[in-house]
Amino acid sequence: MSDLKRTPLHALHQELGARLVPFAGYEMPVQYPIGILAEHAHTRTAAGLFDVSHMGQVRLTAKPGHDAAKALETLVPGDIAGLQPGQQRYTQFTNETGGILDDLMVTSTGDHLLLIVNAACKDDDLAHLARHLSAACEIEPMFSRGLLALQGPLASAALARLAPSVATMKFMTGAFVMVDGAECYITRSGYTGGDGYEISTPADKAEAIARLLLAQPEVKPIGLGARDSLRLEAGLCLYGHDIDTTTTPIEAVLLWSIGKERRAQGGFPGAGVIQKQIAEGAPRKRVGLLPEGKAIAREGAEIALAGRVIGKVTSGGFAPTLGRAVAMGTVEKALSANGTRVDLVVRGKPVPAEIVPMPFVKHAYYRG
Amino acid sequence: MSVKYSNEHEWIRVEGDVGTVGISPYAQEQLGDVVFVDVPQAGRKVTKGESVAVVESVKAASDIYSPAAGEVIEANAALAETPGDVNADPMGKGWFFKLRLGNPADLDGLMDQAAYDAFVKSLS
């Protein structure tokens, strides 16, 4: 794995006994010795620390006479201009056909915008930003910074011991906060459906802050395996699986992330396609699926209705909180109603399943 | 009674003409937490090397190949409720199925404990 990149926490992962695997060009921990099920349960009941330093952090600062938020809105359908300082929003980079190039979080600090993009897409995203926004913005990749996610119902108690101001932060807000003598940018957000924070640290402080967090009694290290099962339970999309360049935000049921004014005014790539789908409906829809029995339908499994293929599973796995298999997939819109009985084709055999609303596990965000 | 191993990390413990099949401690460790095992039905005739069972961990599904030909006479029904037995006791309670051996010579190509231990060591 010598050609793989390493995050600032690589040595710590090894010390903690992580199983390291290649992921998006990085050598990343998929699990620690306690295993994915225990890591998942710990994150749902206490607090889990994830190294997500492989994700791309980018700072956009307006050049004189320009507006960074307005500039970014030419690439995403989210309401970025409406972000108040300290507010965070989820949006997508779209292409000319309304497909999704990547999904991202955008936070306004008041002075600039901070973007968090997927690891596998970050180089392309940076080139995309440079191609379209160079005239309006300084575009600074901050790929060497650390990014730690602290997630779970006790995340607030643990982090507030080190940085008391985080206790009252609300979901989808961010602030500069001193942790262990270092200036970090912390948002109350995450990818588990639960309460928690993402902590952007200077590269040379990531390990010290991670160790400090792991020294809190509530906190255990959690790998990418549980990160995936946690986000699946929360019904959250994984780029490259549930969404990609061939799915629009409308098909992916992400209309909520598109600002009301932006739906009307457009002005982002693929706006014509997306506005038409908003008005007339999209041909396909992302849905939740509950298979009967114990079999697990994974990504790629066909979804059939009365013997006809109507879609595909895009993510599927075991949901530890529920003790059963769950899946999400994309199906023909006309057949996507909750309660519809379908078959998921697992190893050639039909497994009966029902289309259900998501999330599978109720979100528990802190809204104050 | 002897235990032999395939290079796919299945073990088979032979008593008389019946072999009990499972996966090795190394295999369960590589898979991680097992959450479901799809075991073959009694009466199924299988060939050596045929995919006969599937073990699902949180991360992935893996095929289990029969280390010998024969007829399945019993599957471990308890795994439906306690798939974690595969992790906790892979050589014991975590067995998958029992096979009436069709061709005892199939066992000749398998590894004994010492050979298998050396094989696992070579993988790390």
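First things first, this report covers the structure right here in the doc. (Residues numbered from 1 in each chain as written. Chains lettered and ligands numbered in written order. Predicted model: local features only at pLDDT ≥ 70, side-chain atom pairs only at ≥ 80, totals over all residues. Heavy atoms only, no water.)

## Brief notes about the overall build of chain B
This is how the line gets drawn: A run of DSSP states H or I qualifies as a helix once it reaches four residues; a run of E qualifies as a strand once it reaches two. Both are numbered from the N-terminal end. For the radius of gyration, the atom set is restricted to C-alpha positions; the globular benchmark scales as 2.2 Å times the number of residues to the power 0.38. The criterion used for residue contact is that any of the two residues' heavy atoms lie within 4.5 Å. Neither His nor the chain ends is counted toward charge; the positive residues are Lys and Arg and the negative residues Asp and Glu. By convention, charge coordinates are those of NZ in Lys, CZ in Arg, CG in Asp, or CD in Glu.
The secondary structure content of chain B amounts to three helices and nine strands. Each helix and strand of chain B, ordered N terminal to C terminal, gives the series β-β-β-α-β-β-β-β-β-α-β-α. For chain B, whose C-alpha radius of gyration is 13 Å, the value lies close to the compact-globule estimate of 14 Å for 124 residues. Overall size of chain B, expressed as C-alpha extent along the three principal axes, is 35 × 35 × 20 Å. A separation threshold of at least 6 residues defines the contact pool for chain B, and within that pool the share at least 24 residues apart is 58%. Positive and negative side-chain charges of chain B, numbering 10 and 19 respectively, have mean locations separated by a distance of 3 Å.

## Overview of the interface of chain B and chain A
To be explicit about the condition: By definition, the buried area sums, over both parts, the 1.4 Å-probe accessible area that each loses when the two are put together. By definition, a salt bridge exists where a carboxyl oxygen of Asp or Glu is found within 4 Å of a side-chain nitrogen of Lys or Arg. In protein, a polar contact means a hydrogen-donor-capable atom and an acceptor-capable atom, both N or O and within 3.5 Å, with residues adjacent in sequence counting only if both atoms are side-chain atoms; elsewhere, any N or O pair within 3.5 Å suffices.
Contacts between the two partners involve 15 residues from chain B and, on the opposite side, 17 residues from chain A. Of the roughly 1400 Å² buried where chain B meets chain A, counting both sides, 51% is carbon and sulfur surface. Taken together, the connections running from chain B to chain A amount to four salt bridges. A salt bridge links A:Arg347 to B:Glu56, with the shortest nitrogen-to-oxygen separation between them at 3.3 Å. Viewed at the interface, chain A and chain B are joined by eleven residue pairs in polar contact (both at pLDDT 80 or more). Only α1 (25-31), β4 (34-38) and β6 (51-57) of chain B provide two or more residues apiece to the side of chain B that touches chain A.

## Examining the packing of helix α2 (residues 36-45) of chain A against helix α7 (residues 224-233) of chain A
Relative placement of two packed helices is described by the angle separating their axes and the distance separating the axes. All names here are of chain A. To keep things clear, this is the line we draw: To obtain each axis, a line is fitted to C-alpha atoms, and for helices this fit is confined to the stretch in contact; angles are then taken between N-to-C directions over 0 to 180 degrees. Convention used here: angles under 35 degrees read as roughly parallel, angles over 145 as roughly antiparallel, angles from 65 to 115 as roughly perpendicular, and any remaining angle as oblique. If you view the pair so one helix is near and one far, a crossing is left-handed when the near helix is turned anticlockwise from the far one by less than a right angle, and right-handed when it is turned clockwise. Amino acids outside the nonpolar list (Ala, Val, Leu, Ile, Met, Phe, Trp, Tyr, Cys, Pro) and the charged list (Asp, Glu, Lys, Arg) are all regarded as polar, and Gly is one of them.
At their nearest, the axes of α2 and α7 sit 9 Å apart, and the two run at 55° to each other. Taken together, α2 and α7 sit at an angle that is classed as oblique. Crossing of α2 against α7: the hand is right-handed. On α7, the residues touching Ile36, Glu39, His40, Thr43 and Arg44 of α2 are Gly225, Ala226, Ser229, Leu230 and Glu233. Class assignment of the residues belonging to the contact of α2 with α7 gives a composition of three nonpolar, four polar and three charged.

## Observations regarding unusual backbone geometry
Residues and elements named next belong to chain A. Stated formally: Each residue gets one of three labels from its accessible area relative to the maximum for its type: buried under 20%, exposed over 50%, partly exposed in between, using a 1.4 Å probe on protein chains only.
The residue after Met358, namely Pro359, is reached through a cis peptide bond having omega 0°. Backbone geometry places Ala24, a non-glycine residue, at a positive phi of 50°. Judged by its relative accessible area of 30%, Ala24 falls in the partly exposed class. With phi around 60°, Val253 is a residue other than glycine that occupies positive phi space. For Val253, the location among the structural elements is in the loop between α7 and α8 (260-265). Under the relative-accessibility criterion, Val253 is labelled partly exposed at 35%.

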